Every structure is written in C-alpha cells, then in structure tokens.
Amino acid sequence: MRIIDKNTDFYDYYQNLYQDSTFTFDRRDSYLLTKDIICNSLKVDGYYSWKEKKFKFYRKTNYMLLQICNTFWLFELEVTKTDDHFHDEPTEFVADLIAHWRDFTKPRKLIDLNRIRFNKYLGFGKELTPEIMVNCIMVNDYEIKRSLNNYTIYNGNEKIEKHIPLLKASGLAHLLNAHEVFLAFEEYFSLEKSASEKREPLGATNDDKIESHGFDLKTSFRGKN
C-alpha cells in the first residue's frame, strides 16, 4: 500500500518495507491528533458529583473506541491532571488498551475514533468489565459522546475540515501495533475493491449479469446449442 500525505504517522514506514502499489491511501485529508485535542474532547457539560459535592466538567474515567476497517481497539483514559482555573478542564491523561477484536458484522470504515459512554445501568451492581463493554459495542449498546473524525484548521480566514486523525501524538499510538494498523488500512482498500467489482451495473438485466460473470448465453448452460 502506498500512502500519499505530506504528514506522517507511526505506521507509515511499512509502506517502505512492503513496496506494493496495488492500493493507494490518499491521506491528504489528515490532521495531527494531539493529546490536547483529546483532553478537550473529554470535557463534558457540567454535572453535580454527589461524591465530591460539587459541579464537575469531566469524568475521571473515559473510553475511546477506534475502528479501522473491521478491527476495533477500546481504550480506557484516566484523567490525571486538570486546570482548576477553567472548571477543572482535563490537561493530562493516561491511556490503556483494554480490548482489541475484529467484527465483520459491522460496516467497515476507513478510520473512526470516538469518545463513547456505556449505558448508565451498567454502573449499578454490575462490574463494567472489558467483556461486557465489547459485547455492548457489538450490539450497539453505547453512546458516542464526541467524535474525533473531523477537525477544523484555519488557513488565514479559510476554514478547512480534516477527517483522518494521525495518531502518533495522541497518547494512544504506543498501545497500537504499527504493523497491524497498516494491514487494517490495507484490508479496507482490498475489501472496498472486492465490493466494487461485485456490484452490478444499474439497470442490468439478468442476461447482462450472467454475461458479466463470463458465461455465454448460447453455450454455457445445459440445453443450449
């Protein structure tokens, strides 16, 4: 897979190890996802914490879900430092990879990164284990609280929307296997190519479909001369 982008990410060097231009990843729609951007995504609307007897604007424990093609990574983020001058806004966190799996029943995506939250009832008398969280994700029993799939950069007065996060400065990259990430992207383009080849032309008749698969209507079937 060949990558087109002036920016780089932590998995890019595999394109030099496996010099194969079968697929091209046009990643010029990328932006650098930093820890500051992630910290900003951890902010929440104010809520009253009965445990701490005050209003809070972040949750200490957060979850991030990354999907590349049909491979998923679930991260737990613990806020370790806040700025007290701005309503306890998160400024530092530590991340841990708590689950990693593949699910081909889900629609494949090039890359999808979101802060998610599991339904509140799970916190009452039931431990929120990695197994339970993965099962919730598999059956869509969770909420997307903040998407990191788009970011606005400014070029003078021009606003430019970017949609592919580069992970090297995010605080998550050290938990990912670069080779696996590279192969997941490559798998996405491979499956997209296979899917496009299987699609029938709009308005194709049954005979058109038969011929498109290499059969001859006169000679390929029993009873035809």
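Now for a description of the structure that goes with this document. The shown structure was predicted, so the numbers you read here are calculated from the model rather than taken from an experiment. Residue positions are given per chain, counted from 1 along the sequence in the order it is written. Totals for whole chains, interfaces and linings use every residue, but because this is a predicted model, local features are given only for residues with pLDDT of at least 70 and side-chain atom pairs only at 80 or more, for both listing and counting. Calculation of side-chain values draws on the structure's entire complement of heavy atoms; hydrogens and water are dropped beforehand.

This paragraph deals with the sheet that holds strand E9 (residues 109-118). Sheets are built from strands paired through backbone hydrogen bonds, the pairs being either parallel or antiparallel. The five strands are arranged E8-E7-E6-E9-E10 in an open sheet whose pairing can be described as antiparallel. At either margin of the open sheet sits one strand with a lone partner, and together these are strand E8 (89-102) and strand E10 (142-147). Taking each pair of neighbouring strands and ignoring which way they run, the sheet shows an average axis angle of 35°. Pairing between strands is defined by DSSP: at least two bridges between the two strands are required. Working definition: helices are DSSP H or I runs of at least four residues, strands are E runs of at least two. Numbering for both runs from the N terminus. Relative to E8, strand E7 (residues 71-83) runs antiparallel, the two sharing twelve bridges. Residue Thr-71 lies in a different strand from E8, and its bridge partner there is Arg-102. Together, strand E6 (61-69), E7, E8, E9 and E10 form the strand contacts of helix H3 (residues 130-138), whose direction differs from that of E8 by roughly 80°. When checking whether two residues touch, look at their non-hydrogen atoms; a contact exists if any pair is within 4.5 Å. Note on geometry: axes are C-alpha line fits, over the in-contact stretch for helices, and angles between N-to-C directions span 0 to 180 degrees. Strands E6, E7, E8 and E9 of the sheet are contacted by helix H4 (residues 178-198), whose axis makes an angle of about 50° with E6.

Assignment of secondary structure puts Asn-114 in strand E9. A residue is classified by how much of its surface remains accessible, and Asn-114, at 4% relative accessible area, is buried. Reaching out from Asn-114, the side chain makes a polar contact with the side chain of Ser-147 at a distance of 3.4 Å. With residues up to four places along the chain from it excluded, the contact list for Asn-114 reads Tyr-63, Met-64, Leu-65, Ile-144, Arg-146, Ser-147, Leu-148 and Asn-149. Only protein chains enter the accessibility calculation, which uses a 1.4 Å probe; a residue is then buried when its area is under 20% of its type maximum, exposed when over 50%, and partly exposed in between. Polar contacts, as used here, are pairs of N or O atoms within 3.5 Å; protein pairs need one atom able to donate a hydrogen and one able to accept it. Residues neighboring in sequence count only if both atoms are side-chain atoms.

Criterion for a salt bridge: a side-chain nitrogen of Lys or Arg within 4 Å of a carboxyl oxygen of Asp or Glu. This structure, assessed with the given rule, holds ten salt bridges. Taking the shortest distance from any N to any O, the salt bridge between Lys-43 and Glu-89 comes out at 3.6 Å. Separated by 46 residues along the polypeptide, Lys-43 in strand E4 (residues 43-49) and Glu-89 in strand E8 bring together distant segments of the chain. By relative accessible area, Glu-89 is classed as partly exposed at 27%. Two residues, Glu-143 and Lys-145, come together in a salt bridge whose shortest N-O distance is 3.9 Å. Overall, Lys-145 belongs to the partly exposed group, its relative accessible area being 39%. Here the salt bridges do not stand alone but share partners, grouping Asp-5, Asp-12 and Arg-27 into one network.

Turning our eyes to something else, we now look at H3. Along H3, the residues that are buried comprise Met-133, Val-134, Cys-136 and Ile-137. Taken down its axis, H3 places every buried residue within 160° of arc, on the same side. Elements that come into contact with the buried residues of H3 comprise E6, E7, E8, E9 and E10. Positive backbone phi, approximately 65°, marks Asn-140, located one or two places after H3. Taken from the helix axis, the directions to the C-beta atoms give the arc we talk about.

Side-chain atoms within 4.5 Å are what join buried Ala, Val, Leu, Ile, Met, Phe, Trp, Tyr and Cys residues into a set we call a nonpolar core. Among the nonpolar cores identified, the biggest contains 39 residues, and Tyr-11, Leu-66 and Leu-77 are the most heavily contacted of them. Looking at this core, the element that brings in the most residues is H4, giving seven residues. Look past the residues within four positions of Leu-77 in its chain and what remains in contact with it is Ile-38, Leu-42, Lys-60, Thr-61, Asn-62, Met-64, Phe-93, Val-94, Ala-95 and Leu-172. Counting residues in hydrophobic clusters, the runner-up holds twelve residues, among them Phe-72, Leu-74, Ala-99 and Cys-136.

Coordinates in, geometry out; function isn't part of it.
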